[in-house]
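Tertiary structure, described
Chain residues, written in single-letter form:
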Protein chains: 2
Amino acid sequence: MHRRSIEIHPPTLLLDREKCMQNIGKMAGKAAARGLALRPHCKTHQSAVIGEWMRESGIGSITVSSFRMAIYFAAAGWKDILVAFPFVPTGLCDLEELSAKARISILLDHPSATAFLKKLSHPVDFYVDVDTGYGRTGIPAEEPASVEELLKAASLCKNLTFRGFYCHAGHSYHAQNREEKDVIHRKAMKDLARLKGEFSHYQPIALYGDTPNCSIQEDFQGADVLTPGNFVLYDLMQFLAGNCSAGEIAVLMACPVAGVYPARRQVVVHGGAVHFSKESMRLDGQEIFGLAVGREGRQWDALQGQTRITGLSQEHGIVSGPEEWIRGIRIGDLLHLYPIHSCLTVSLMKEYRTLEGERIPTMHLKA
Amino acid sequence: MHRRSIEIHPPTLLLDREKCMQNIGKMAGKAAARGLALRPHCKTHQSAVIGEWMRESGIGSITVSSFRMAIYFAAAGWKDILVAFPFVPTGLCDLEELSAKARISILLDHPSATAFLKKLSHPVDFYVDVDTGYGRTGIPAEEPASVEELLKAASLCKNLTFRGFYCHAGHSYHAQNREEKDVIHRKAMKDLARLKGEFSHYQPIALYGDTPNCSIQEDFQGADVLTPGNFVLYDLMQFLAGNCSAGEIAVLMACPVAGVYPARRQVVVHGGAVHFSKESMRLDGQEIFGLAVGREGRQWDALQGQTRITGLSQEHGIVSGPEEWIRGIRIGDLLHLYPIHSCLTVSLMKEYRTLEGERIPTMHLKA
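In short, a report on the structure. (Residues numbered from 1 in each chain as written. Chains lettered and ligands numbered in written order. Predicted model: local features only at pLDDT ≥ 70, side-chain atom pairs only at ≥ 80, totals over all residues. Heavy atoms only, no water.)

Attention now goes to the overall build of chain A. In terms of helices and strands, chain A carries 11 helices and 20 strands. In terms of C-alpha radius of gyration, chain A reaches 22 Å, essentially the compact-globule figure of 21 Å for 367 residues. C-alpha extents for chain A along the principal axes are approximately 70 × 45 × 35 Å. Counting across all 367 residues of chain A, residues that qualify as buried make up 63%. The contacts in chain A between residues at least 6 apart in sequence include a share of 65% that link residues at least 24 apart. Taken as a whole, chain A presents about 13300 Å² of accessible surface, with 52% of it coming from carbon and sulfur. Distance between charge centres in chain A, computed from 40 positive and 40 negative side chains, equals 3 Å. (Helix = DSSP H or I, 4+ residues; strand = E, 2+ residues; numbered from the N terminus. Rg over C-alpha atoms; globule rule 2.2 N^0.38 Å. Buried < 20%, exposed > 50% of the residue type's maximum accessible area, 1.4 Å probe, protein only. Contact = heavy atoms within 4.5 Å. Areas by Shrake-Rupley, 256 points an atom, 1.4 Å probe, with all protein chains shown as cover. Lys, Arg positive; Asp, Glu negative; His and termini not counted. Charge placed at Lys NZ, Arg CZ, Asp CG, Glu CD.)

For these two chains of identical sequence, chain A goes onto chain B by a turn of 180° and a shift of 0.0 Å along the axis, with RMSD 0.0 Å. Within this description, the copies of the chain are treated as partners about a two-fold rotation axis. Nearest to the rotation axis, the C-alpha of Lys278(A) is located 2.7 Å from it, this being the minimum over chain A. When the interface residues of chain A are mapped onto chain B, 98% of them are again interface residues, pointing to one common binding face. (Least-squares fit on C-alpha atoms with pLDDT ≥ 70 in both.)

The next thing to look at is the interface of chain A and chain B. Residue-level contacts link 57 residues of chain A with 56 residues of chain B. When the buried surface of chain A facing chain B is broken down by residue, Thr90(A), Arg136(A) and Gln314(A) rank first, second and third, together holding 16% of it. Counting every contact that joins chain A to chain B gives 2 salt bridges. Residue assignment for the side of chain A that touches chain B shows that the elements contributing at least two residues are β4 (80-86), β11 (251-261), β12 (266-270), α9 (273-276), β17 (316-320) and α11 (342-349) of chain A. Broken down by class, the residue content of the side of chain A that touches chain B amounts to 25 nonpolar, 20 polar and 12 charged. (Buried area = accessible area lost by both parts, 1.4 Å probe. Salt bridge = Lys/Arg side-chain N within 4 Å of Asp/Glu carboxyl O. Nonpolar A, V, L, I, M, F, W, Y, C, P; charged D, E, K, R; others polar.)

It is worth spelling out unusual backbone geometry at this point. With phi around 50°, Asp284(A) is a residue other than glycine that occupies positive phi space. Phi is positive for Asn159(B), close to 75°, though the residue is something other than glycine. Position of Asn159(B) relative to the elements: it lies in strand β8 (residues 158-167).

Glancing now at the environment of Arg163(A). Residues and elements named next belong to chain A. Take Arg-163: it is sitting in strand β8 (residues 158-167). Taking the relative accessible area as the measure of exposure, Arg-163 reaches 33% and is therefore partly exposed. Separated by 39 residues in the primary sequence, Arg-163 and Tyr-202 place their C-alpha atoms 7.7 Å from one another. Each residue touching Arg-163, except ones within four places of it in the same chain, is listed here: Arg-103, Asp-125, Phe-126, Tyr-127, Gln-203, Pro-204 and Ile-205.

Our next topic: the packing of helix α3 (residues 67-75) of chain A against helix α4 (residues 92-99) of chain A. A pair of packed helices is characterised by two quantities: the angle between their axes and the separation of those axes. Residues and elements named next belong to chain A. Relative to each other, α3 and α4 sit at 20°, their axes nearing to 10 Å. The angle between α3 and α4 falls in the class roughly parallel. Crossing of α3 against α4: the hand is left-handed. Seen from α3, the contacting residues are Phe-67, Ala-70, Ile-71 and Ala-74; seen from α4, they are Asp-94, Leu-95 and Leu-98. When its residues are assigned to classes, the contact of α3 with α4 shows 6 nonpolar, no polar and 1 charged. (Axes fitted to C-alpha atoms, helices over the stretch in contact; angles between N-to-C directions. Parallel < 35°, antiparallel > 145°, perpendicular 65-115°, else oblique. Left-handed = near helix turned anticlockwise from the far one by under 90°.)

In this section: the pattern of salt bridges. What the rule picks out here adds up to 34 salt bridges over all chains. One salt bridge in this structure joins Lys196(A) and Asp224(A), with 2.7 Å as the shortest N-O distance. In this pair, Lys196(A) sits in helix α6 (residues 178-198) while Asp224(A) sits in the loop between α7 (211-216) and β10 (225-226), placing the two residues 28 residues apart along the sequence. Accessibility expressed as a relative area gives 17% for Lys196(A), which makes it buried. On the basis of relative accessible area, Asp224(A) is assigned to the partly exposed category, the value being 26%. Lys278(B) is paired through a salt bridge with Glu279(A); the nearest N and O atoms lie 3.0 Å apart. Here the residue Lys278(B) occupies a position in the loop between α9 (273-276) and β13 (281-283), and Glu279(A) occupies one in the loop between α9 and β13 (281-283), the pair thus bridging two chains. One exposure class covers both Lys278(B) and Glu279(A), and it is buried. Connected through salt bridges with shared partners, the residues Glu142(A), Lys187(A), Asp191(A), Arg194(A) and Glu198(A) form a single ionic network.

Here we take up the state of the cysteines. In the structure shown here, the tally under the stated rule is 0 disulfides over all chains. We note that Cys157(A) lacks a disulfide partner, and the nearest cysteine sulfur, in Cys93(A), lies 16 Å from it. With a relative accessible area of 4%, Cys157(A) lands in the buried category. With no disulfide of its own, Cys244(B) lies 12 Å from the sulfur of Cys343(B), the closest cysteine sulfur. Classification of Cys244(B) as buried rests on a relative accessible area of 10%. (Disulfide = S-S within 2.5 Å.)

Looking now at the packing of aromatic side chains. Across all of its chains, the model carries 15 aromatic pairs over all chains by this definition. Both rings, one in Tyr72(B) and one in Phe73(B), keep their centres 4.9 Å apart while their planes meet at 85°; by these two values the pair is edge-to-face. A residue is classified by how much of its surface remains accessible, and Tyr72(B), at 21% relative accessible area, is partly exposed. The structure contains a cluster of three or more aromatic residues connected by ring pairs, namely Phe126(A), Phe162(A), Phe165(A), Phe199(A) and Tyr202(A). Positioned above the aromatic ring of Tyr261(A) is the side chain of Arg264(A), whose terminal nitrogen or guanidinium carbon lies 4.3 Å from the ring centre. (Phe/Tyr/Trp six-rings, centres within 6.5 Å; stacked < 30°, edge-to-face > 60°. Lys NZ or Arg CZ within 6 Å of the ring centre and 35° of its normal.)

Under the definition given, this model contains 3 cavities of 30 Å³ or more. Lining the largest cavity, in full, are Ala84(A), Pro86(A), Leu107(A), Asp129(A), Val130(A), Asp131(A), Tyr134(A), Arg136(A), Thr137(A), Tyr166(A), His168(A) and His316(B). Counting only elements with at least two residues in the lining of the largest cavity, the list comes to β4 and β6 (119-131) of chain A. Counting residues per element, the lining of the largest cavity draws most heavily on β6(A), which supplies 3 residues. Within the lining of the largest cavity, the residues separate by chemical class into 6 nonpolar, 3 polar and 3 charged. (1 Å grid on protein atoms, 1.4 Å probe; cavity = no way out; pocket = protein on both sides within 12 Å on 5 of 7 lines; lining within 4 Å. Points joined across faces, edges and corners; volume = space filled by probe spheres on them.)

Looking now at helix α6 (residues 178-198) of chain B. Residue and element names in this part refer to chain B. Over its 21 residues, α6 runs 30 Å from end to end, which matches the ideal 30 Å to within 8%, given 1.5 Å per residue. By the burial criterion, the buried members of α6 are Lys-181, Asp-182, Ile-184, His-185, Ala-188, Met-189, Asp-191, Leu-192, Leu-195 and Lys-196. In this structure, the buried residues of α6 make contact with β6 (119-131), β8, β9 (205-208) and α7 (211-216). (Expected span 1.5 Å × (residues − 1).)

The next point concerns the environment of Thr362(A). Residue and element names in this part refer to chain A. With respect to the helices, strands and loops of the structure, Thr-362 is situated in the segment after β20 (359-361). Assessed through its relative accessible area of 1%, Thr-362 is described here as buried. Separated by 10 residues in sequence, Thr-362 and Tyr-352 place their C-alpha atoms 7.9 Å apart. Among residues more than four places away in sequence, those in contact with Thr-362 are His-45, Gln-46, Ser-47, Tyr-72, Val-346, Lys-350, Glu-351 and Tyr-352. Within the structure, the side chain of Thr-362 is placed 2.7 Å from the backbone oxygen of Lys-350, a separation counted as a polar contact. (Polar contact = N/O pair within 3.5 Å; in protein donor to acceptor, adjacent residues only side chain to side chain.)

Attention shifts here to the pairing of strand β11 (residues 251-261) of chain B. All names here are of chain B. Counted residue by residue, β11 has 11 buried out of 11 residues, so it is predominantly covered. Across 4 bridges, the pairing between strand β1 (residues 12-15) and β11 is antiparallel. Bridge pairing links Leu-15 to Val-251 in β11. As judged from the 4 bridges shared by β11 and strand β12 (residues 266-270), these two strands associate in the antiparallel manner. By the bridge assignment, Val-260 is partnered in β12 with Val-267. Turn length for the β11-β12 hairpin, with the two strands adjacent in sequence and antiparallel, is 4 residues, and the turn residue Arg-265 shows positive phi of about 50°. (Pairing = 2+ DSSP bridges.)

Here it is as structure tokens:
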């Protein structure tokens, strides 16, 4: 908490550039040590500037979650982009435009989508989206016949080339303990290895990765490329799930105090659902939307686990904490709070401010 | 559901202009019939264009939730703006700038904030934020001595004038039934009337209103001005709470289908947490993030209560529905879905598309 730090006025998303670069370097090193490529997902940071930091770590290909995001990063000079979302026919014009100037890969999980891809003007790669148990999108890994059917339909599309399999084992986010995480990971690795074997005449590669698995697992046999995204910034969700240390979280929200209510041990900050998002977690049985963290100059390592955002309305954040904490808080003070889910908070905040005061825009902020 | 409506590509926020104008007209009529002024909150629609529709209904003063929003609407020509958020000292520069060109009102709930308001360059009005039971911000209505203390501190601030009381009885959103709603409303009316009496030498007025109370209550004795916001668009939250009809909801999301999974009776649309927000509700014990609605041309009245968004990740929406529904869905189709909370969805979507195809920007979209 900072007294009257007037330089920060509305809720501000602070970024520790050093931590962010360390996170990128660590994951790049982990992939390289295993002979894996890293094609990080940019849906978390959503910023061409942070994209440059990735490039400085030797990264040459990226993953995005929409054509809109692909257009933004292509304009920033990226030449090898995977749009990791099942192809929607309405995106055909974007795909044509993008594939004219960059190597674009898409995901497919059903033959019907290929009907729209028959007359591509430029080469486009595709990966088969494989579901190893998450249950969101993808062909279940146990259905190679469906893969065969999709490949057959795709073979009728000029300029469309099968490159391999893509698996986002997002159920890793819901695993209750290390054992469950390991089971999810081992199944995904086994499924991908088997599919690569069954379709070996295509020489397919396997793309894999959500942040939990890429952060905590060591053995990635079955995968060739890692595609995590959140690790660049991390957040409270990753920390509380044991996927990073509190000190690795590279973003926090700085919010001014608007009201102090000692009787109910609550403070109201300017910082609501339009800043944090309404993503929540349960901690000790309590629904929380963020946790306070101590900041001393450039450092913010001391998580204040008892000081929590316990409610959010549109612009208001209700922060509940211990009596001794609330006694020290005044209207106009700044609270520093870790967001639950950095991807959503970044989307809402639209720009970062580094600890050095530099503004870093995202794709949501027009120049 | 529309087959291959290629004109809509990414998730789009559709606005029925007629319904929106009807909602504005209905609330304006309700206030006028009771001799009350209407100072609608603009935090839901966040658009200068919709602000103009308000002006066409005879509305001359508005409410906003941040200085940033006040700056946006002042630039759009509004001359009487209440910033309905307890004054944060870091906003002083904005307040100075705004009050030079418009009549600005702020909220206060603690004497300490007045320390920053001693040397205002231009007249600023303030209302005492009163808590009648919501427990978010405000002086508890039962503590007139705290009001007295605040007024005393404020009297030392040149250019700062007390105008009355402001009450947002937001606990109306959590009321379980009509009786609970009535109890909340009657207490607020009684509290405001009593405070106006106790401080009658100031000739204070009372500002009141959240959308639930302003929509369903009839007797507003105790209040002078109504300040609801959500009623302009309404949403699923208001409908399921009985505060509007399904036909009065003036916005919906149009999302293209990216994947169809008949075995689990689910469809994945492009439309996730960065479009809808993660606001959820429980319906029949199930957590939902939106409900499907039938659209025939300009009409969208037929709520499909069994077809629900049951999961959201960043860009993916998982829609679960009955077997006969899923049999008719193809990749590339458009689904129409009511959002849970229009305020948050508007903030994320940044612009509307009317049924006539006109783009309507919000404050989040730079020109």
